[in-house]
Protein chains: 2
Amino acid sequence: MTFIDQLQAATRANTSLLCVGLDPDPAKFPGRFRNDASRIHDFCAAIVDATADLACAFKPQIAYFAAHRAEDQLERLIAHIHRSAPQVPVILDAKRGDIGSTAEQYAIEAFERYGADAVTLSPFMGFDSVQPYLKHHGKGAFLLCRTSNPGGDDLQAQRLASIDGQPLVYEHVARLAQGPWNLNGQLGLVVGATYPNEIERVRALAPTLPLLIPGVGAQGGDAAATVRAGLRMQGDTITGPVVVNSSRAILYASAGDDFAAAARAAAERTRAELHAARSL
Amino acid sequence: MTFIDQLQAATRANTSLLCVGLDPDPAKFPGRFRNDASRIHDFCAAIVDATADLACAFKPQIAYFAAHRAEDQLERLIAHIHRSAPQVPVILDAKRGDIGSTAEQYAIEAFERYGADAVTLSPFMGFDSVQPYLKHHGKGAFLLCRTSNPGGDDLQAQRLASIDGQPLVYEHVARLAQGPWNLNGQLGLVVGATYPNEIERVRALAPTLPLLIPGVGAQGGDAAATVRAGLRMQGDTITGPVVVNSSRAILYASAGDDFAAAARAAAERTRAELHAARSL
């Protein structure tokens, strides 16, 4: 089963477009976990267990583990997800980007060491920095396209004079990912929720790629506008998938020991909001 | 002492423009270390000890450690470099690039956990993805500008219609790094050795930034052409520094148990070649 198949199956099984982002910051941990970096796995596993039937994907952000020397906890967490929520794929948010020989090492890290089903990547170094990940058949790779942070404009929103039709940089990335770079149908794109009209533009250029859309929740993106801009369906079949990520709004929904129930309630609300927007 | 000061001091003390890249691949390890991922630290430490008086910097590539669950060995290796070669700064080659809150975590990883003096970063997500690193005063950050791999053309060599003078993407990055992004003089640029005329172009746009130049040796770049294109001096003072990286040609100079002596000899040759080119 490829990552794309897993994603479609989880979306159907859990009636969900919601990706639960796992960005564990011990300083924000609730109740008894507060400031305890040795409990990163336990905190995240509790979130996973509370949302396993509500998510179409889980997305651990590796920086939050690396800053606390918690790679072993990340390994255990992904193994826990595969055990407790076997129907939900794991996207390792790493945004790697390096020459081929180094990319091969990062691909081993993501797919073999951690057992992730997909990874996020930067396209800045071009196709041969992406290709080594595609040799891991069935795994997915989301390329940064149009990011939701203010600095996203600095490069991604600039216009390219040297490419036919003078696309913006992010439009060029979308075309490459839908077309020549997508050798085995493994690619997707990262597009920030804070720019729905740009999600729509990316969707026009990449009609079938899964779009990973962070920025809903704490970052302020509008859930309904995001789904309308990015999701494409024919009848009941999703032809242009979206994976809408929310991290902080779910993880830190409560600062007390009821955090797991609060996370579940927050995930349920966002999932319902996203689902309602499907028919708009 | 800032990273830039450390780099200048090491360049003078060791009369060296050579950065020794530490990309440990156990399958290529010599003699008794062959295929033994538990000896990554020991192999790299032997290379460091053999070249400590020949290098202006050491550059461990984190992917090679991460693929083998060897983060603890990377920690010990950097501590070893600081002990055995206290005059030589460490550039952690990680090419991270993410939104501000995540970048803060990666900066903690690089500077606090690993104790690196500088880090490599991707500029694709813009200034706010770089800024968190600059809050670590005195540390350095090299932004990917023009990389030496074939796919470097896919984005970096495209022309920007929307920026004054229609620069190429990498020229735009060079200007941003020399100018508005370089808040406290901490930035440098990564420019591949395989394109000396582009090194010259970057140097014209960024006259004082340190240039980290990979691609000499195994990747085929010409050492002398690289130095001529990138180094700028006034009398005996370096006003435009270069840090020329060689990894595989040094690490794997011999497949036998004489690997450390062979690495030293290879480093001496490259250092001499780079030094001779200063006066050309």
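Calculation rules
Residues numbered from 1 in each chain as written. Chains lettered and ligands numbered in written order. Predicted model: local features only at pLDDT ≥ 70, side-chain atom pairs only at ≥ 80, totals over all residues. Heavy atoms only, no water. Helix = DSSP H or I, 4+ residues; strand = E, 2+ residues; numbered from the N terminus. Rg over C-alpha atoms; globule rule 2.2 N^0.38 Å. Buried < 20%, exposed > 50% of the residue type's maximum accessible area, 1.4 Å probe, protein only. Contact = heavy atoms within 4.5 Å. Areas by Shrake-Rupley, 256 points an atom, 1.4 Å probe, with all protein chains shown as cover. Lys, Arg positive; Asp, Glu negative; His and termini not counted. Charge placed at Lys NZ, Arg CZ, Asp CG, Glu CD. UniProt positions renumbered as here; feature names shortened; annotations may be inferred. Pairing = 2+ DSSP bridges. Axes fitted to C-alpha atoms, helices over the stretch in contact; angles between N-to-C directions. Buried area = accessible area lost by both parts, 1.4 Å probe. Salt bridge = Lys/Arg side-chain N within 4 Å of Asp/Glu carboxyl O. Polar contact = N/O pair within 3.5 Å; in protein donor to acceptor, adjacent residues only side chain to side chain. Phe/Tyr/Trp six-rings, centres within 6.5 Å; stacked < 30°, edge-to-face > 60°. Lys NZ or Arg CZ within 6 Å of the ring centre and 35° of its normal. Parallel < 35°, antiparallel > 145°, perpendicular 65-115°, else oblique. Left-handed = near helix turned anticlockwise from the far one by under 90°. Nonpolar A, V, L, I, M, F, W, Y, C, P; charged D, E, K, R; others polar.

Our focus in this paragraph is the overall build of chain A. Secondary structure assignment for chain A yields 12 helices and 10 strands. For a compact globule of 280 residues, the expected C-alpha radius of gyration is about 19 Å, and chain A comes in at 18 Å, within 12% of that figure. Overall size of chain A, expressed as C-alpha extent along the three principal axes, is 55 × 45 × 35 Å. Expressed as a percentage of the 280 residues in chain A, the buried residues total 63%. Residue pairs in contact within chain A that sit at least 24 positions apart in sequence constitute 71% of those at least 6 positions apart. Accessible area for chain A stands at about 9,300 Å²; split by element, carbon and sulfur atoms hold 48% of it. Considering chain A, the positive charge centre built from 26 side chains and the negative charge centre built from 29 side chains are found 3 Å apart.

In this section: the UniProt feature "active site" (unreviewed entry) in chain A. Here, the residues flagged by UniProt with the feature "active site" (unreviewed entry) are Lys95 of chain A. Positionally, Lys95 of chain A belongs in strand β3 (residues 91–96). On the basis of relative accessibility, which here comes to 8%, the residue Lys95 of chain A falls in the buried class. Ignoring sequence-local partners within four residues, the contact set of Lys95 of chain A consists of Gln61, Thr120, Leu121, Ser122 and Leu144 of chain A together with Lys95, Gly97, Asp98 and Met125 of chain B.

This next bit is on helix α8 (residues 169–178) of chain A. Where burial is concerned, most of α8 of chain A is hidden: eight out of the 10 residues are buried. Taken as a whole, α8 of chain A has its buried residues at Val169, Tyr170, Glu171, His172, Val173, Ala174, Leu176 and Ala177 of chain A.

Residues and elements named next belong to chain A. Strand order across the open sheet formed by eight strands is β2-β1-β10-β7-β6-β5-β4-β3, with parallel pairing between neighbours. Looking at strand neighbours, the two that pair on one side only are β2 (57–60) and β3, the edges of this open sheet. Mean inter-strand twist for the sheet, computed between neighbouring axes without regard to direction, equals 30 degrees. Sheet topology places strand β5 (residues 140–146) next to strand β6 (residues 187–191); five bridges connect them, and they run parallel. By the bridge assignment, Phe142 is partnered in β6 with Gly188. Where α8 meets the sheet, its contacts fall on β5 and β6, and the angle it forms with β5 comes to roughly 155 degrees.

We now examine the interface of chain A and chain B. A common way to express how large an interface is: the accessible area buried when the components associate. With 55 residues of chain A at the interface, the matching set in chain B holds 55 residues. Together, the buried faces of chain A and chain B total about 4,500 Å²; carbon and sulfur atoms form 54% of this surface. Broken down residue by residue, the surface that chain A buries against chain B is led by Gln105, Phe124 and Leu155 of chain A, which jointly contribute 16%. There are six salt bridges connecting chain A and chain B. Of the charged contacts, one joins Glu75 of chain B and Arg69 of chain A as a salt bridge, the two residues approaching to 2.6 Å between their closest N and O atoms. Inspection of the region where chain A meets chain B yields 36 residue pairs in polar contact (both at pLDDT 80 or more). Going through the elements one at a time, α3 (62–66), α4 (71–84), β3, α5 (100–113), β5, α7 (152–156) and α8 of chain A are the ones with two or more residues in the side of chain A that touches chain B. The element best represented in the side of chain A that touches chain B is α5 of chain A, accounting for seven residues.

In this section: the packing of aromatic side chains. All names here are of chain A. Inspection of the entire model under this criterion finds 16 aromatic pairs over all chains. Measuring from centroid to centroid gives 5.2 Å for Phe43 and Phe259, while their planes differ by 35 degrees, and the two rings are tilted. With Phe43 in helix α2 (residues 40–51) and Phe259 in helix α12 (residues 259–278), this residue pair connects regions lying 216 residues apart in the sequence. The class of Phe259 is buried, set by a relative accessible area of 3%. Grouping aromatic residues by their ring pairs yields a cluster made of Phe29, Phe33, Phe43, Tyr252 and Phe259. We note Arg146 situated over the ring of Tyr195; from NZ or CZ to the ring centre the distance is 4.4 Å.

So, about the packing of helix α10 (residues 223–230) of chain A against α12 of chain A. All names here are of chain A. At a minimum axis distance of 8 Å, the contact between α10 and α12 shows a crossing angle of 45 degrees. Taken as axis vectors, α10 and α12 run oblique relative to one another. Read as a crossing pair, α10 and α12 show a hand that is right-handed. Residues Ala223, Ala224, Val227 and Arg228 of α10 touch α12, and the partners they reach there are Glu273, Leu274, Ala277 and Arg278. For the contact of α10 with α12, the per-class residue count stands at five nonpolar, no polar and three charged.

This brings us to the sheet that holds strand β6 (residues 187–191) of chain B. Residues and elements named next belong to chain B. An order of β2-β1-β10-β7-β6-β5-β4-β3 is seen for the eight strands of this open sheet, with the pairing classed as parallel. Every other strand in the sheet has two partners, leaving β2 (57–60) and β3 (91–96) as the edge strands with one partner each. Averaged over all pairs of adjacent strands, the angle between strand axes in this sheet comes to 30 degrees, irrespective of strand direction.

Another point: the packing of helix α8 (residues 169–178) of chain B against helix α9 (residues 196–205) of chain B. Residue and element names in this part refer to chain B. Between α8 and α9, the least distance of the axes is 9 Å, while the angle of their chain directions is 35 degrees. With respect to the hand of their crossing, α8 and α9 are arranged in right-handed fashion. Of the residues in α9, those touching α8 at Tyr170, Glu171, Ala174, Arg175 and Gln178 are Glu198, Arg201, Val202 and Leu205. Each residue belonging to the contact of α8 with α9 can be placed in one class, and the counts come to four nonpolar, one polar and four charged.

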